[in-house]
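# Notes for the structure review
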Amino acid sequence: MTGVRFLNGEPAHDLTYDDVFLVPGRSAVTSRFDVDLGTSDGTGATIPIVVANMTAVAGRRMAETVARRGGLVVLPQDVDPAAVGDIVTWVKSRHLAWDTPLVLTANDSVADALNLLPKRAHGAVVVVDGEGRPVGVVDEAACLGVDRFTRVGEVADRAIVILPVDSPPRSVFDSLHDHSARVALAVDPQGRLAGVLTGVGALRADIYSPATDASGRLRIAAAVGVNGDVAAKAAALLESGVDTLVVDTAHGHQEKMLSALKSVRALNPGVPVVAGNVVTAQGVRDLVDAGADVIKVGVGPGAMCTTRMMTGVGRPQFSAVLECAAEARSLGKHVWADGGVRHPRDVALALAAGASSVMVGSWFAGTYESPGDLLRDEQGRPYKESFGMASKRAVSARTRADSGFDRARKALFEEGISSSRMRLDPKAPGVEDLLDAICSGVRSACTYAGAGTLEELHDRAVVGVQSAAGFAEGRPLPSGW
Ligand SMILES: NC(=O)C1=CN([C@@H]2O[C@H](COP(=O)(O)OP(=O)(O)OC[C@H]3O[C@@H](n4cnc5c(N)ncnc54)[C@H](OP(=O)(O)O)[C@@H]3O)[C@@H](O)[C@H]2O)C=CC1
Ligand SMILES: Nc1nc2c(ncn2[C@@H]2O[C@H](COP(=O)(O)O)[C@@H](O)[C@H]2O)c(=O)[nH]1
Ligand SMILES: [K+]
């Protein structure tokens, strides 16, 4: 077992995802479903995806939805510790198979339903009675062509599919098919609404395994910065029950980070400690020495990030991951490839380079589950706003409590975009649609390389270097040429 190999020798210059491709090899893996996507970095994730600690991306709905499919969501360091506690408790109380319903009572208005519907990908609001028992379902079609003040009780579909909350996913799928219904509703023994599931949700419940803690509840991570009393903040997060702690700053290879990390390690946290960001083997060694279990790799590849244009600092991400993963592996540790992922192929390449997991931010901002409001552009197409964590917008929110003078000083060092539009893909508007695409792409990449696990992908991967024309050739041409 040697790790990833270059087809025609490793070039003398650094590479990013677009510069490289995976060469197919002889395979004994007969089905893509036989590939195990579990990670080995101790975080308990069953798919190699981590959602970035960005305010425009990671909140409670994202955390619930992604953990149910086996990934991990890192709450941003800007969330108040007490609010983190509430989110952790809430996420850990979610069902492992059934989605959290959107709920109204019959007297609520169609306008209320239309406001709620984009919060979740399942496309239905459940109307309940005073006891919390479901009496009907409202979808977008039911709200069209009626006055916005109409009561939802008048437009609700009363022919609902109700099942016990312990029904196996396959039987939920079959019941939905038999009744041609959009959603099934789970009820507890008292008949109160306990969850909602679509046909595709039932299918996913069968294919994915949720990321669960020792008590069988969904996992969640949270970040802490390097300023202030880091140990006290970290202790509060651990007290709230977070399953992974991320110590995060732009320049992770700095003394402030090393002392922050040592103070976190001294707490004996009992959960994996992730730290970053760095892009060199020396950075990895220093963070491991200071107590990190997982090193976050990536300076400048992020979609909201202006660091490279402002400073010239960074490193093409494929090479950064390759070097850092090799170093971490030699020390018995792991890396997360953070930033710059725009296609499933980028995830496959980061894993082939040796990352145990891949962090995705902006791409997931454009989904129903990200925290922002759903907006529409001039053509009526839905989008959400995204912004960088070092942007003026994020920095001014983070430094709210500082004096005007100090805030003005900090604002000089803006290294991110304050407002960008992340379009919702009409064919993949939910984060689970994106997870499906990523996991399918990675499973398929593994079988092309003859790998049944992500470790085998790293061991067997042969990587070639391509020209810009080589990359362009791989792009689909939906409207001809
Ligand atoms: N991966 C990436 O490429 C980048 C990621 N980010 C993300 O933005 C968020 C905010 O991070 P950050 O800006 O570090 O803010 P933090 O609030 O974490 O503070 C960073 C601290 O480090 C000091 N510092 C010293 N050198 C640097 C440097 N070159 N860049 C930044 N701070 C430095 C700052 O002091 P002082 O202000 O006095 O200089 C400050 O005290 C994080 O989530 C981070 O991951 C931001 C930029 C790049
Ligand atoms: N230089 C900056 N980097 C940022 C900022 N906000 C976030 N980030 C980094 O990007 C990744 C996510 O990358 P994406 O391509 O998936 O969006 C995130 O984890 C941070 O490391 C920023 O304002 N400036
Ligand atoms: K960038």
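The name an unreviewed UniProt entry assigns to the protein chain is GMP reductase, from the organism Actinokineospora cianjurensis. We quote the UniProt Sequence similarities (unreviewed entry) comment for the protein chain here in full: "Belongs to the IMPDH/GMPR family. GuaB1 subfamily." On record in UniProt, under Function (unreviewed entry), the comment for the protein chain is "Involved in the purine-salvage pathway. Catalyzes the NADPH-dependent conversion of GMP to IMP."

All right, on to the site of ligand 1 then. If you check the shell around ligand 1, you find 23 residues, and the closest are Gly 225, Thr 249, Ala 250, Met 389 and Ala 390. Residues that form the shell around ligand 1 fall into these classes: seven nonpolar, 12 polar and four charged.

Backbone-to-backbone hydrogen bonds pair the strands of a sheet. The strands run either parallel or antiparallel. Strands sit in the order β17-β18-β19 across an open sheet of three strands; the sheet is antiparallel. If you trace the sheet from one side to the other, it starts and ends with β17 (375-376) and β19 (420-423), each paired once. Here β17 pairs with strand β18 (residues 382-386) via two bridges, running antiparallel. Following the sheet pairing, Leu 375 is matched in β18 by Tyr 383.

Before going further, it helps to examine the UniProt feature "active site" (unreviewed entry) in the protein chain. Under the local residue numbering, the UniProt record ascribes the feature "active site" (unreviewed entry) to Cys 305. Tracing the sequence through the fold places Cys 305 in the loop between β14 (294-297) and α11 (307-311). Excluding its chain neighbours within four sequence positions, the residues that come into contact with Cys 305 are Gly 300, Gly 339, Gly 388, Glu 415 and Gly 416.

All right, on to the packing of helix α10 (residues 281-289) against helix α12 (residues 317-330) then. Where α10 contacts α12, the two axes come as close as 8 Å, and the packing angle between them is 40°. Where α10 crosses over α12, the two elements pack in a sense that is right-handed. Residues Ala 281, Val 284 and Arg 285 of α10 touch α12, and the partners they reach there are Glu 323, Cys 324, Glu 327 and Ala 328.

Before going further, it helps to examine the site of ligand 2. Of all residues adjacent to ligand 2, which total 24 residues, the nearest are Gly 302, Cys 305, Gly 361, Gly 388 and Gly 416. For the shell around ligand 2, the elements supplying multiple residues, two or more each, are β16 (357-360) and α14 (362-365).

So, on to the UniProt feature "binding site: NADP(+)" (unreviewed entry) in the protein chain. Listed under "binding site: NADP(+)" (unreviewed entry) in the UniProt record, and renumbered for this structure, are Asp 248, Thr 249, Ala 250, Gly 298, Val 299 and Gly 300. A maximum C-alpha distance of 14.3 Å is found for the annotated residues, which run over 53 residues; spatially they form one tight group. Locating Thr 249 in the fold gives a position in the loop between β12 (244-248) and α9 (255-265). The class for Thr 249 is buried, based on 21 C-beta atoms found within 10 Å. Look past the residues within four positions of Thr 249 in its chain and what remains in contact with it is Gly 225, Val 226 and Met 257. Mapped onto the secondary structure, Gly 298 falls in the loop between β14 and α11. Overall, Gly 298 belongs to the buried group, with 28 C-beta atoms counted inside 10 Å.

Moving on to the domain arrangement of the protein chain. Each assigned domain of the protein chain is listed with its residue range as follows: domain 1 (5-95 + 210-370 + 426-474) and domain 2 (102-199). Taken together, the contact between domain 1 and domain 2 spans six residues of the former and six residues of the latter. Looking at the side of domain 1 that touches domain 2, its residues break down into two nonpolar, two polar and two charged.

What follows is about α12. Taking 1.5 Å of rise per residue, the 14 residues of α12 would be expected to cover 20 Å, and the 20 Å separating its terminal C-alpha atoms lies within 8% of that figure. By the criterion of burial, α12 is predominantly enclosed, with 10 of the 14 residues buried. Every buried residue of α12 is listed here: Gln 317, Phe 318, Ala 320, Val 321, Leu 322, Glu 323, Cys 324, Ala 325, Glu 327 and Ala 328. Buried positions along α12 lie against β2 (20-22), β13 (273-278), α10, β14, β15 (334-338) and α13 (344-352). Positive phi shows up at Gly 332, right after α12, with a value of about 75°.

The next subject is the nonpolar core. Residues Val 73, Val 74, Ile 295, Val 321 and Val 358 are the most contacted members of the largest nonpolar core, which totals 111 residues. At nine residues, the largest contribution of residues to this core is made by helix α17 (residues 431-449). In this structure, Val 74 is in contact with Val 50, Val 51, Ala 52, Asn 53, Ala 58, Ala 221, Ala 222, Ala 223 and Val 246, ignoring residues within four places of it in sequence. Judged by nonpolar contacts, the second largest core, of 30 residues, contains Ala 97, Ala 124, Val 126 and Ala 156.

Thresholds applied
Residues numbered from 1 in each chain as written. Chains lettered and ligands numbered in written order. Predicted model: local features only at pLDDT ≥ 70, side-chain atom pairs only at ≥ 80, totals over all residues. UniProt positions renumbered as here; feature names shortened; annotations may be inferred. Near = placed C-beta within 6 Å. Nonpolar A, V, L, I, M, F, W, Y, C, P; charged D, E, K, R; others polar. Pairing = 2+ DSSP bridges. Helix = DSSP H or I, 4+ residues; strand = E, 2+ residues; numbered from the N terminus. Contact = placed C-beta atoms within 7 Å. Axes fitted to C-alpha atoms, helices over the stretch in contact; angles between N-to-C directions. Left-handed = near helix turned anticlockwise from the far one by under 90°. Buried ≥ 20, exposed ≤ 12 C-beta atoms within 10 Å, placed from the backbone. Domains from an automatic or database assignment. Expected span 1.5 Å × (residues − 1). Core = buried A, V, L, I, M, F, W, Y, C linked by C-beta atoms within 7 Å.

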